[in-house]
Amino acid sequence: MDARSARVARVLEVPMLVASALTIPAVAINESHPGGALEAVAQALNWVIWVAFLVELIVMLAVVPDRRAWLRHHPLDLIIVVLTPPVLPPGLQGLRVLRLLRLIRLLRLAEVSRRMFSLQGLHYAALLAVLTVIAGGALFVGFEKQNQDLNAWDGIYWAVTTMTTVGSNIYPTTTGGEIVAVAVVLVGISFVALLTGAIAQRFLSALGEARE
């Protein structure tokens with residue numbers, strides 16, 4: 001790749017890392033067949049993830065100087081787009097786990113690790129956390145409204161306390177509510193891990209500069 005395509009690839013690294021990671025909750029929710037709004041969200045998320053990979057492929061093919069050479073060195077990008085579209089029959093939907101191979105490849109890159117723990121990486125993580133609080137709270141209320149008298153604020157309060165693992169007096173009583181709780185906890189733990197890693201990296205960088 002030339003300087004321009006390498007710069008574009010670096011810009012796309014963190015968003016694609018997030019898209020790859022979202023494959024896990026999307027597959028988990030879809031395979032549990034909760035029905036209703038939660039399953040619709042999982043299907044929509046499946047489309048969003050696949051479109052992200054498609055857009056990345058199109059953008060990279062548009063900017064690289066030699067498309068054939070780039071595809072030879074990045075066959076996984078094409079394989080994911082071709083073999084994991086949401087329109088595949090149910091029997092082939094398991095191929096979506098191929099998207100996780102991209103996650104492994106990205107995590108092995110030191111540059112991506114630094115970007116994950118950078119201010120830009122935290123921006124993406126914080127945005128995902130906020131969206132999870134809003135969407136997760138709304139879904140939780142939707143699942144639990146028949147068994148509990150909850151409003152929108154109760155859902156947000158539950159999502160925040162669950163994400164931070166503080167806990168509250170609101171508990172899931174349905175399968176859908178339990179699945180939402182698992183997803184919210186996973187996002188919360190991941191965000192705390194990124195935040196802790198970013199703080200540690202900045203502390204170690206400042207310490208290294210001081211020693212120099």
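This text follows the structure it describes.
Given the structure is predicted, the values throughout are model-derived calculations rather than measurements.

Caption draft 1: Seen up close, the overall build of the protein. In terms of helices and strands, the protein carries 10 helices and zero strands. When burial is assessed residue by residue, the protein has 39% of its 212 residues classed as buried. Sequence-distant contacts in the protein: of pairs separated by 6 or more residues, those separated by 24 or more amount to 66%. Carbon and sulfur atoms provide 68% of the accessible area of the protein, an area that totals close to 12,000 Å².

Caption draft 2: Inspection of the environment of Val160 at higher detail. Checked against the element boundaries, Val160 lands in helix H9 (residues 152-163). Distance from Val160 to Val184, taken between C-alpha atoms, is 8.7 Å for residues 24 residues apart in sequence.

Caption draft 3: Representation of a nonpolar patch on the surface within the structure. Together, Leu78, Ile79, Val82, Leu83, Leu92 and Leu95 line one region of the surface with nonpolar side chains, adding up to about 440 Å² of accessible area. In this structure, Val82 sits in helix H5 (residues 75-83).

Caption draft 4: Examining the packing of aromatic side chains more closely. What the rule picks out here adds up to two aromatic pairs. Between Trp47 and Trp50 the ring centres are 6.0 Å apart and the planes differ by 85 degrees, which places this aromatic pair in the edge-to-face class. Here Trp47 pairs with Trp50, and both are found in helix H3 (residues 36-63), just three residues apart, close to one helical turn. Under the relative-accessibility criterion, Trp47 is labelled partly exposed at 40%.

Cut-offs and rules
- Residues numbered from 1 in each chain as written.
- Predicted model: local features only at pLDDT ≥ 70, side-chain atom pairs only at ≥ 80, totals over all residues.
- Heavy atoms only, no water.
- Helix = DSSP H or I, 4+ residues; strand = E, 2+ residues; numbered from the N terminus.
- Buried < 20%, exposed > 50% of the residue type's maximum accessible area, 1.4 Å probe, protein only.
- Contact = heavy atoms within 4.5 Å.
- Areas by Shrake-Rupley, 256 points an atom, 1.4 Å probe, with all protein chains shown as cover.
- Patch = residues over 30% accessible without salt bridge, like charges linked within 9 Å, V, L, I, M, F, W, Y side chains within 5 Å.
- Salt bridge = Lys/Arg side-chain N within 4 Å of Asp/Glu carboxyl O.
- Phe/Tyr/Trp six-rings, centres within 6.5 Å; stacked < 30°, edge-to-face > 60°.

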